[in-house]
Amino acid sequence: MEIQVTDAEDTIKLGEIIGKSLEPGSIIALRGDLGAGKTVLVKGIARGLGVEDEPVSPTFVIMNAYEGRIPLYHFDLYRISGADELMSIGADEFLFGGGVSAVEWAERVEEIFPEYTIYIDIKMPGPGSGAAENTREIKIEGKKEWVSSFRSTAEQALPASTR
Amino acid sequence: MRDLILGIETSCDETAAAVIEGGKKALSSVVASQADIHKEYGGVVPEIASRKHVELILAVIEKALGDAGKDREEIQGIAVTNGPGLIGSLMVGLSTAKAFAYGLGRPLIGVNHLEAHLSAVHLEHEAEFPFVGLVVSGGHTSIYLVKGYTEFELIGKTRDDAAGEAFDKAAKVLGLEYPGGVAIDRLAREGNPEAIRFPRAFMGAETLDFSFSGLKTSLVYYLRKYPDPDGERLRDICSSYQEAIAETLTEKTLLAAKKFGVGSVVIAGGVACNSRLRALAKERFEEEGITLRIPSPALCTDNAAMIGALGAAKLRQGETSELNIHPYSTSRPRYFRGRGMVSGL
C-alpha cells in the first residue's frame, strides 16, 4: 500500500500506527535517501511500541536498543559493507532475537531479510514535481494478512493520505 | 600525588594508550589511527576497526610505556573506555585493560568516553569548577555541567544526528572525502558563510538539546534544486552549512553557561578542531566575559591521555570498576541495565 504524508509530524503518526501493529519478531526494512525521514519514522514506531525515549540516529553505533512493550532494536547499516560484516559483529542475535527490529539503509544488505519482513520505502518528491518539499511517498509491503489489517487501521487514523 | 595511570582507548577507529602522572601530566600519548584504512569505505567500518585494534593494541601500549620511560609494574591503575562507542572496538581495549589489571594486580577503572573528552582540559589548564562542557564529535553532541573532576551531569544532547555526522553526511552528498568535517572546513575557508541561509534548530531557550537532522535534509533539498555544485558555489555551500553548525553549537553552549551561571566553558571532541567553531566560540564567549578552553587538537580527537586523566581522578575518589564490567554503545546505558544485555553492537 502507499501513503502520502505531508510532513515529519505525519510521518511520526504513521510510524506510531505501524509500531502498534507489530509483534515480537517483526522486522522492518527501511529504504530511502539521505534526509528521507527514516529515523523520523522510527521515532513514531518507537512511540507505537511504548518506548519512552526518543530514538536518535544510530549511524555511529550501528544499533541502539530501547525498552518498550516489545524491545526495539534500531539498526543503521549506513556504514556496513555487507552481510558478512553485519553478521560478524553479532547483529543476528538482535535481528532474530524476538524484539522488533527497524533497519535503516536496508538496501545495503538485502539478503539478510526473511520473507516476513515489512519493507518500507520512503520517497522524497522529485525536483520539479510540484509537490511540497516535506511531503513523502511511503510504500509499505509485507505479508498479505498484516498489510490488510494494517491498511484498515491506517485508513481510519490517517484518512486523507492513504491510497 | 604522583600516581601513574595507564589509559587505553579503542571506542572508534583510533587505538590509543597513554601514561598519565598525577592526573595532570601526559608522560606519553600514542595514537594509531585507522583513518586511511577507513577512508576508502567513506566511514568507519566496525569489523575492520575491531580487527585493527586487536593487531595494534599491545604494540601501542608497549610504546606508551616506553615513551614514558616506565615499566608496567610501576602503573597504579588501568583506565579504559567502556563506552559509548562501537561494541566490537570497545571490547578490544576493555579486554586488554582487564588482562593488565588482573595480571598486575592493579585496579581497573572504566571511563565514559564523553566525560573523558572534557577531562582532557585538565592536562593543559587548572580546572575552574563548575564549568559547562560541550562534547562534539562524529558520534556525539552532548552538553554537560561539570561540577568536579568526576562529577558530570548531562544537561543536553542531540535528538537525532551528531554534529560530526551532519558534517560527514553532507560531505558524502557533496562528493567530498572522508572525514567530511575536515574537507568541509578546508573548502569553507574561501566560501561565503552567508550565501545560503541553512536552518538553525534552536528549539527554544528552554531546551539544551540539539537537532541536526533538519539541516542535513535542507542541504539535500538544496542539492536537488541546484545539483552538482563545484568551484565557488561548492565553497559557499560548505561555508554556509558549516556556519549553521558552528552557530548552533556556540549559541546552545552559551545558553547553557548562562542558565547555570558558570564563568568557564570547555569545548572538546573531534569537531572542536573545526576552525570556524573555534573562531566563532572564541569571539562569542569573549564578548560574554566567559573563559573558553578548547584542548589542543591532539587532545580533542580521540586519545588515551584523556582517559588516563579521568581515570586518575576516579581512582583518587575510589571509583574503581569490577573486572566483569561490560562495554556499552550509547550515551544512555540505562537501557536493559541489570538484565545482562548490551545495548548495541
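Notes on the structure in this doc start here. (Residues numbered from 1 in each chain as written. Chains lettered and ligands numbered in written order. Predicted model: local features only at pLDDT ≥ 70, side-chain atom pairs only at ≥ 80, totals over all residues. Heavy atoms only, no water.)

### Here's the deal with the overall build of chain A
Put simply, the test is: Strands are runs of DSSP state E lasting at least 2 residues, helices are runs of H or I lasting at least 4, and numbering of each runs from the N terminus. Computation of the radius of gyration draws on C-alpha atoms, with the globule rule given as 2.2 Å multiplied by the number of residues to the power 0.38. The buried label applies to any residue whose accessible area, calculated with a 1.4 Å probe on protein chains only, is under 20% of its type's maximum; exposed applies above 50%, and partly exposed to all values in between. Two residues form a contact once any of their heavy atoms are found within 4.5 Å. We treat Lys and Arg as the positive residues and Asp and Glu as the negative residues; His and chain ends play no part in the count. Taken as the charge location is NZ of Lys, CZ of Arg, CG of Asp or CD of Glu.
Helix and strand counts for chain A stand at five helices and seven strands. Counting from the amino terminus, chain A carries its helices and strands in the arrangement β-α-β-α-β-β-α-α-β-β-β-α. For chain A, the C-alpha radius of gyration of 15 Å lies close to 15 Å, the compact-globule estimate for 163 residues. Here the C-alpha coordinates of chain A stretch approximately 45 × 35 × 30 Å along the principal axes. Out of the 163 residues belonging to chain A, those deemed buried represent 60%. Within chain A, counting contacts between residues at least 6 apart in sequence, those at least 24 apart form 63% of the total. The distance from the centre of the 16 positive side-chain charges to the centre of the 27 negative ones in chain A is 5 Å.

### Let's talk about the pairing of strand β8 (residues 151–157) of chain B
Residue and element names in this part refer to chain B. For clarity, the threshold we go by: At least two bridges found by DSSP between two strands are what make those strands a pair.
Looking at chain direction, strand β7 (residues 141–148) and β8 are connected through six bridges and run antiparallel. Bridge pairing links Ser-142 to Lys-157 in β8. Count of turn residues in the β7/β8 antiparallel hairpin: two residues.

### As for the nonpolar core
Short version of the rule: Remark: nonpolar core denotes a set of buried residues (Ala, Val, Leu, Ile, Met, Phe, Trp, Tyr, Cys) joined through side-chain atoms within 4.5 Å. Source of the domain bounds: an automatic or database domain assignment.
Leu-14, Ile-18, Ile-120, Ile-140 and Phe-150 of chain A are the most contacted members of the largest nonpolar core, which has 66 residues in total. Here this core spans two domains, and each of domain 1 (4–118 + 299–342) and domain 2 (129–294) of chain B adds at least three residues to it. Leaving out residues up to four positions away in the same chain, Ile-18 of chain A has contacts with Ile-28, Leu-41, Ile-45, Ile-120, Ile-140 and Phe-150 of chain A. Among the nonpolar cores identified, the runner-up in size contains 46 residues, and Val-136, Ala-166, Leu-219 and Ile-290 of chain B belong to it.

### Some details on unusual backbone geometry
At the junction of Gly-83 of chain B and Pro-84 of chain B, the peptide bond is cis and its omega measures out at -10 degrees in the coordinates. Within the element layout of this structure, Pro-84 of chain B appears in the loop between β4 (77–83) and α3 (87–104). Here the residue pair Phe-129 of chain B and Pro-130 of chain B is connected by a cis peptide bond, since its omega of -5 degrees sits within 30 degrees of zero. Considering the arrangement of structural elements, one finds Pro-130 of chain B in the loop between α4 (113–119) and β6 (131–136). Of note in this structure, Ile-62 of chain A is not a glycine but carries a positive phi near 75 degrees. Following the sequence through the fold, Ile-62 of chain A ends up in the loop between α2 (38–48) and β3 (63–66).

### Description of the packing of helix α1 (residues 8–20) of chain A against α2 of chain A
Residues and elements named next belong to chain A. The criterion, for reference: To get an axis, fit a line to the C-alpha atoms, keeping to the stretch in contact for a helix; angles then go from 0 to 180 degrees between the N-to-C directions. Comment on the angle field: the value is read as roughly parallel under 35 degrees, roughly antiparallel over 145, roughly perpendicular from 65 to 115, and oblique elsewhere. Two helices cross in a left-handed way if the nearer one is turned anticlockwise from the farther one by less than a right angle. They cross in a right-handed way if the turn is clockwise. Basically, the charged four are Asp, Glu, Lys and Arg, the nonpolar ten are Ala, Val, Leu, Ile, Met, Phe, Trp, Tyr, Cys and Pro, and anything else, Gly included, counts as polar.
Packing of α1 against α2 leaves a shortest axis separation of 6 Å and a crossing angle of 40 degrees. Viewed along their axes, α1 and α2 adopt a mutual orientation that is oblique. Where α1 crosses over α2, the handedness of that crossing is right-handed. Counted together, Ala-8, Thr-11, Ile-12, Leu-14, Gly-15, Glu-16, Ile-18, Gly-19 and Lys-20 of α1 and Val-40, Leu-41, Gly-44, Ile-45, Arg-47 and Gly-48 of α2 form the full contact between these two elements. Here the contact of α1 with α2 is composed, by residue class, of seven nonpolar, five polar and three charged.

### Points about the interface of chain B and chain A
Note: interface size is frequently given as the accessible area lost on complex formation between the parts. How we decide: Accessible-area loss on putting two parts together, using a 1.4 Å probe and summing over both, is the definition of buried area adopted here. Take a side-chain nitrogen of Lys or Arg and a carboxyl oxygen of Asp or Glu: if they are within 4 Å of each other, that pair is a salt bridge. Within 3.5 Å is the distance limit for a polar contact, defined as a pair of N or O atoms, with the added protein rule that one can donate a hydrogen and the other accept it, and that residues adjacent in sequence qualify only through two side-chain atoms.
Every contact between the two is made by 36 residues of chain B and, on the other side, 39 residues of chain A. Together, the buried faces of chain B and chain A total about 3,300 Å²; carbon and sulfur atoms form 59% of this surface. Put simply, chain B and chain A have one salt bridge between them. We note a salt bridge from Glu-133 of chain A to Lys-225 of chain B, for which the minimum N-O separation is 3.4 Å. Summed over the shared surface of chain B and chain A, the number is 11 residue pairs in polar contact (both at pLDDT 80 or more). The set of elements that each furnish at least two residues to the side of chain B that touches chain A consists of α2 (46–68), α5 (163–173) and α7 (213–225) of chain B. The element best represented in the side of chain B that touches chain A is α7 of chain B, accounting for six residues.

### Points about the side chain of Asn-64 of chain A
Relative to the elements of secondary structure, Asn-64 of chain A occurs in strand β3. Residues contacting Asn-64 of chain A, with those up to four places away along its chain left out, are Val-56, Ser-57, Pro-58, Leu-72, Tyr-73 and His-74 of chain A together with Ser-329 and Thr-330 of chain B.

### Let's talk about the packing of aromatic side chains
Here is the rule we go by: For this analysis, a ring pair means two rings from Phe, Tyr or Trp (six-membered ring only for Trp) whose centres lie within 6.5 Å, classed as stacked if their planes differ by under 30 degrees, edge-to-face if by over 60, and tilted for the remaining angles. Our definition puts a charge over a ring when NZ of Lys or CZ of Arg is within 6 Å of the ring centre and also within 35 degrees of the ring normal.
Enumeration over the complete set of coordinates arrives at 11 aromatic pairs over all chains. Ring plane angle 15 degrees and centroid distance 5.9 Å describe the contact between Phe-210 of chain B and Phe-212 of chain B, whose orientation is recorded as stacked. Judged by relative accessible area, which is 0%, Phe-210 of chain B ranks as buried. According to the relative accessible area criterion, Phe-212 of chain B is buried, its value standing at 1%. One aromatic cluster in this structure is built from Phe-198, Tyr-222, Tyr-226 and Tyr-241 of chain B. Stacked on the ring of Trp-105 of chain A, the Lys or Arg Lys-38 of chain A has its end atom at 4.1 Å from the ring centre.

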